[in-house]
Amino acid sequence: MSETNTESRDAGAQALTEALQTSFRLLRWLVLAVLLAYLGSGLFVVRQHERAFVLRLGRIDGLGADRVKGPGLHWTWPRPLARVLRVPAERVQTVASSTFWHEPATEYQEDAARPTGPTLNPERAGYLLTGDANILHARWALRYTVSDPERWLFAHTDPEQLVRQ
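I will try to describe carefully the structure that is included in this document. The structure presented is a predicted model; accordingly, all values stated were derived computationally and were not measured.

1. Regarding the sheet that holds strand S5 (residues 82–88)
On the basis of which strands lie adjacent, the open sheet formed by three strands has the order S3-S2-S5 and antiparallel pairing. Either end of the sheet is taken by a strand with one partner, and the two such strands are strand S3 (59–60) and S5. Bridging between strand S2 (residues 50–56) and S5 involves seven bridges; their strand directions are antiparallel. Of the residues in S5, the one forming a bridge with Arg 56 is Ala 82.

2. So, unusual backbone geometry
Going from Arg 79 to Pro 80, the amide bond is cis rather than trans, its omega being 5°. Positionally, Pro 80 belongs in the loop between strand S4 (72–75) and S5. Although it is not a glycine, Leu 57 sits at a positive phi angle of roughly 55°. The residue Leu 57 is located in the loop between S2 and S3 in this model. Residue Leu 57 is classed as exposed on the basis of its relative accessible area, which comes to 68%.

3. Points about the side chain of Lys 69
In this fold, Lys 69 is placed in the loop between S3 and S4. Classification of Lys 69 as buried rests on a relative accessible area of 13%. The residues touching Lys 69, leaving out its near neighbours within four places in the chain, are Phe 44, Val 46, Glu 50, Arg 51, Ala 52, Val 54 and His 74.

Cut-offs used in this document
Residues numbered from 1 in each chain as written. Predicted model: local features only at pLDDT ≥ 70, side-chain atom pairs only at ≥ 80, totals over all residues. Heavy atoms only, no water. Pairing = 2+ DSSP bridges. Helix = DSSP H or I, 4+ residues; strand = E, 2+ residues; numbered from the N terminus. Buried < 20%, exposed > 50% of the residue type's maximum accessible area, 1.4 Å probe, protein only. Contact = heavy atoms within 4.5 Å.

In structure tokens:
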């Protein structure tokens, strides 16, 4: 009887050893797959009318012309080590401003293009006063292109708001 107990213990130990070896092999492959997926998440594409900067640990990665990534496929360390900032460049962009336009009309007003009331409230109704004392309402649109992406992105905190103002 002790022989069968010893044989069953040996068979159980051998089965446990094989199961653990298989589990560790699978775990190694799983860790390798997760590591490759993490490194693969660092791939990024810069489109035709874009430029990109890679911030690695908060500083611009690269020297000279290599700082600005042009169109194509690029790789960098994934987050949280690096971050990709994109700038629309070499494309005409438009920013509309309605600073000098009256506030939007409500549903019950008959004439939506004309501000109501005998006087203009400067806090709500935007207007321009011309040299011959005429009052104008105007909408403006500014068209621009970004020629220096680095200055556009890093010289101001919110460059689009700066252009709008």
